[in-house]
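Fold and geometry: a report
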Amino acid sequence: MRQFQITLSLTFVLIAFSLSSVASIARHTDSITVTHIAQEEGLSQLGALAMDFDDKGYLWIGTENGLNRFNGYQMKVYKASDAGGNLPDDHIRSMYYANDTLWLATNTHSICAYLMAEDRFVDFQSQLNIEQYPFVKFGYTLYPASGSLLIAGTIGHCVLIDRNKLTFEVLSIPDATDNDYVTSIMELSPRRYLVGTYASGVYLLDVVNRSIRPISELAPLKSKSINTFFKLSPERILIGIEGGLYEYHEKHRALRKIRDITIKSLHRWDDHTLLAGGFNEAYFIQNDTSWQKVIFLDQAERELQADILHVKRDQLGGIWIGTAGRGVFYYHPHQHKFVPSRITASNSPKKDFISIFHFIRDGDNLWMATDLGFVRHDLHRGEYKLYRTDFLEYALTKDANQTIWAGGFGQGLVRYNRQKDRFDPVPLPFADKDIIQITPVSPDTVWVHTWSSGIYALNVRNYGVNPRQIHGQQLVRSRTSFIDASGAIWIGSDEGLYRIKGDQSVHYDSLSNSRVFAITEDPENNIWVGTAKGLNCINPKTGQITKYIQQPGLPNDFIYSVESDQKGNIWVSTNYGVSVLDHRHRTFKNYTENDGLQNNEFNGKAGYKDSIGYLYFGGMNGFNSFHPDSVYVNRKVGKTLIENVYLFGRPIYKNIPYTDTLTFSHNQNVITFDFASLNYLWAKKNRYQFILEGFDKTWRPITADRSTTYTNLDPGTYTFKVKGSNNELLWGESDTMTIIIRSPWYASIWFRLAAGILLVLAVVGTFAYKSYKQKKMNLKLFAMVNTRTEELHQANQALNLSLETTQKQKENISFLMQELNHRVKNNLQLITSLIDIQSFEIEDMAIQEKLRILQSRVFTVSKIHDIFNNKNTEDSIRSDRFITNLANDLIVFSGLAIDLDIKVDPIYFPVNKLTHLGLIMNELITNSIKHAFVDQQETKRIGILFADESNQWKFVYRDNGSGFKNIETTIDGKKGVNLVKNLARELKGTITLTNDSGAVFTCCFPKTNTI
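Residues numbered from 1 in each chain as written. Predicted model: local features only at pLDDT ≥ 70, side-chain atom pairs only at ≥ 80, totals over all residues. Heavy atoms only, no water.

Looking at an unreviewed UniProt entry, one finds the chain named Histidine kinase/HSP90-like ATPase domain-containing protein and attributed to Parapedobacter pyrenivorans.

Structure (structure tokens):
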């Protein structure tokens, strides 16, 4: 009871405090800089009604015009379609993700789900009994209850969904007004839930009893529009409505009003703070009930007013704020690593963009040389004092006597008067008033560096001045200097770097650039030099110079200032932010205005490290001060995913984030991969490395590009791997996809294997077939040989019998031929004898002459017959022997003395043509004896030529008689000549008659012709 009284007393105190502070809600404000995500990133509509994250790290955003998936760079939008498996309704009011399933409450299709691994949407209207509960199709909210229970709120109903069994049970809200819908649901205790409605107040949902009933102690909210619930503790519930914020204490069954202000949403911001979203405004509510108005600013520091609807946290510490009409805000507590400082002084002629060129710390004060004069900044109070000179002040230093010396362009040398808090001019015996550096070299002496007249040694006691030559010359534009741990003095100018120790000096003229702006020393005593083109590291022991120019992490190599932290990391300011070189890995990391720097452009010489390790960098619009150990390092790395694959520039319509293998044909060999690293904190600073194993030999260089294309890939199996880093260049695990490019059918392993097998089978089959055929042939031949052998044996017997018969017939024929030849020869001799007898009995000389011619012809035939009967005679006979013998026999038979001139080639003349040739000779010789020679002619000569000329035989007969009187008459009218012509015609030959010291007869006939 006492505890209840104490609690009640505290409640009344809280109420009193709350009422007293209503009028002062907005007295204190806090601004939060966020990244604004809207249409530029592809958001389908600016009303972010629902948000959630999946296990891969994607942010899902439901709007009135589509479902959006965000990867830190751009949206992938899902729109409604009547096609099966597509989003049924793109007006999404609430969502919940679990187990690769995104549950959605939609405007007209009640509850549906997106199955991510299957890349399809499922509509559950058929299970919801829409005919009995028609208003259930209007979904408004989803709440994940205990176990697998999901509670959906619709118009006038709550739907209990078992996500495992996919069962749906509809419970009606009693006494709900028309079109009243569920706005919010929250667990009150196990299996008991508060249900807020748009027009009927708050109800209690009892899952065990499957009942919904009003809560009597919340009756004052009966007709109110409930926007949100928030559980402060197991017993204390905040209820935000239109026009007020209430606290409900369940144990005490008490309801009290905290604020008369519309609260649309309540969210935990941190361990001590709530974020309350109102109408176009937001508040931070601390545990001590103090309220602070929150103003959201974009990166350009423009205010973003909106109704806060949802707040979600990602696994990397980021906070996502869904709004009504302004898209999504992204905030990370370490979104800005640095805090810029702006000089604010009452006597300053301008409020921003005051340029700073030099620093020096003096106790709790930070002195700065600016383009307006000198500024003292009280580091404890945060106050600034401007010692206005209207000169561009460029140099500050403090000597061993704690005296502050300063100078600038047109100002000359000045000295700070601590007693009078002012800068007093120091008289100098030279005209150059442009002081660009001051170097304390001893307790009594400082070197004063001028722009155009060189360096002077100033005695701080009596202001005595002596010119100081460097390396034998007056060194101009020596804007920076540094004294290292060994006491050596380093001076940087437009003519390079110089090292002076005692009377010795060394000129370093091989730096990356001769214009030197900054010098420092690291813990290992290396000297670092910043130039107008690159950073240089000098090893004093060896003199070796290592040069660093523009590269990843060092986007600009105009080095304005160089400082080393206690770990040996080198910090430089440039024309594009501040970069730090990791001394172990020798890699750079870059910070820009987006990280909280005063500006991307810094000023020459405007770098400084104080005695406790803080670094200061000045630029065009203020300065940044920080300790290197306090710079937040984001060590959380999100997943890197292959999002899309393109074939010849066209997307492959597959669920790529859930696909591990793709197969293509041999001519599908130009493939593009899109990927993203789901690191949302400065996603533009994410970097990638990838390799296509089987094609690339090593990982490709680090790149900011999120896409790569491979062309002309040969058939084979490849593995594409990609890994991504966060904004700190810390790498996460790689995502992998196997790519299989099939060989053409004629080059595939299976085809080659099958072809090889077929070839072997063909060879074996061929040999087997040939062997079979050979065996079959051998059997056939064997049978044929046996048959033929038998036939030959029989034929041989018949042949032997035939040979015996033939031999007998031959002997008979031979006998008959001998008898025939004998009788023919006897008959020819008988004819010759009869002709002789007849010629003796006939006195007529003409008839006797004819009988002699006939006898000559019979004689010739008889001679030829003798040749035929010669057993040695074959198919041909030598022409020289035949012609010579026949001619001599005919001359002898004539009984005249005639000379013979025979020129006959030894030609084998066919026997079947012998009779014709013999009769031709007989007629010609008989004709010469009868008509050519006269009695008183002393020499009678006959010449015969028989020669082989190419394809014919040539027979020439001549005598030295009287010749032909009339050749034409002779050819046409003489019987003997006609006989010769007929005989020549039988030989297919031609004859020619001429006179040449007698008659000349020429006959040519072919060799091949036969009779």
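Structure's up, so let's keep going.
Structural notes on the pairing of strand E30 (residues 328-331)
Defined as follows: Remark: exposure states derive from per-residue accessible area (1.4 Å probe, protein chains only) relative to the maximum for the residue type, with buried under 20%, exposed over 50%, and partly exposed in between. Numbering of helices and strands runs from the N terminus; a helix is a DSSP stretch of H or I covering at least four residues, while a strand is a stretch of E covering at least two. Any two strands are treated as partners once DSSP identifies two or more bridges connecting them.
Burial along E30 is two-sided: Val328 and Tyr330 and Phe329 and Tyr331, pointing in opposite directions, are all buried. Pairing geometry for strand E2 (residues 35-37) and E30, over three bridges, is antiparallel. Residue pairing for E30: His36 is matched across the bridge by Phe329. Where strand E29 (residues 319-324) lies against E30, four bridges are found, and the strand directions are antiparallel. Considered in E30, the bridge of Trp320 is made with Tyr330. In textbook terms, the turn of a hairpin is the stretch between consecutive antiparallel strands, and for E29 and E30 this stretch comprises three residues, one of which, Gly325, has a positive phi near 105°.

Description of the pairing of strand E73 (residues 999-1006)
With eight of eight residues buried, E73 is to be regarded as a mostly interior element. Burial of E73 is two-sided: the residues Ala999, Phe1001, Cys1003 and Phe1005 facing one way and the residues Val1000, Thr1002, Cys1004 and Pro1006 facing the other way are all buried. Summarising the sheet, strand E71 (residues 952-959) and E73 pair through seven bridges and their orientation is antiparallel. Paired with Val956 across the strands is Thr1002, a residue of E73. Summarising the sheet, strand E72 (residues 990-995) and E73 pair through six bridges and their orientation is antiparallel. Among the inter-strand pairings, Ile991 is bridged to a residue of E73, identified as Cys1003.

Digging into the nonpolar core
Here is the rule we go by: For our purposes a nonpolar core is just a set of buried Ala, Val, Leu, Ile, Met, Phe, Trp, Tyr and Cys residues, chained together by side-chain atoms within 4.5 Å. For this analysis, residues touch if any pair of their heavy atoms sits within 4.5 Å.
Grouped together as the largest cluster of nonpolar side chains are 37 residues, with contacts concentrated most on Phe946, Phe955 and Phe1001. Among the elements of the structure, helix H4 (879-894), helix H5 (914-932), strand E70 (941-949), E71, helix H7 (975-986) and E73 are those that each provide at least two residues to this core. A per-element tally of this core places H5 first, with eight residues. Setting aside residues no more than four positions away along its own chain, Phe955 makes contact with Leu917, Ile920, Met921, Leu924, Ile944, Leu945, Phe946, Phe1001, Thr1002 and Cys1003. Leu43, Leu67, Leu87 and Tyr97 belong to the second-largest nonpolar core, a separate cluster that totals 32 residues.

Details of the packing of H4 against H5
Which entries qualify depends on this criterion: Each axis is a line fitted through C-alpha atoms, taken for helices only over the stretch in contact, and angles between the N-to-C directions span 0 to 180 degrees. Put simply, a crossing is left-handed when the front helix is turned counterclockwise from the back one by less than a right angle, and right-handed when it is turned clockwise. Ten residues, namely Ala, Val, Leu, Ile, Met, Phe, Trp, Tyr, Cys and Pro, are considered nonpolar, four, namely Asp, Glu, Lys and Arg, are considered charged, and the remaining ones, Gly among them, are considered polar.
With their axes 10 Å apart at the nearest point, H4 and H5 run at an angle of 35° to one another. Between H4 and H5 the crossing geometry is right-handed. Across the interface between the two elements, Phe882, Ile883, Leu886, Ala887, Leu890, Ile891 and Ser894 from H4 touch Leu914, Leu917, Gly918, Met921, Asn922, Ile925 and Ile929 from H5. Residue composition of the contact of H4 with H5, grouped by class: eleven nonpolar, three polar and no charged.

Structural notes on H4
Under the convention used in this document: A helix is expected to reach a length of 1.5 Å times the quantity of its residues less one.
Helix length check: H4, at 16 residues, gives a terminal C-alpha distance of 22 Å against a target of 22 Å (1.5 Å per residue), a fit within 8%. Following H4 by one or two positions, Gly895 has its phi on the positive side, about 80°.

Topic: the sheet that holds strand E49 (residues 527-531)
If you walk across this open sheet you meet the four strands as E48-E49-E50-E51, and the pairing is antiparallel. The open sheet has two free edges, formed respectively by strand E48 (516-521) and strand E51 (545-548), since each of these has just one partner strand. Taken pair by pair, the neighbouring strands of this sheet meet at an average axis angle of 20°, ignoring direction. Sheet analysis places strand E50 (residues 534-538) next to E51, joined by four bridges and oriented antiparallel. Looking at E51, one finds that Cys537 is bridged to Thr546.

Here we look at the pattern of salt bridges
Definition in use: A pairing counts as a salt bridge when a side-chain nitrogen of Lys or Arg comes within 4 Å of a carboxyl oxygen of Asp or Glu.
According to the stated counting rule, one finds 31 salt bridges in the structure shown. The partner of Asp424 in a salt bridge is Arg422, with the nearest N and O atoms 2.8 Å apart. Given the relative accessible area of 38%, Arg422 is considered partly exposed. In this structure, Asp880 engages Arg878 in a salt bridge whose closest nitrogen and oxygen atoms are separated by 2.7 Å. Overall, Asp880 belongs to the buried group, its relative accessible area being 15%. Put simply, Arg477, Arg479, Asp494 and Arg515 are held in one network by salt bridges that share partners.

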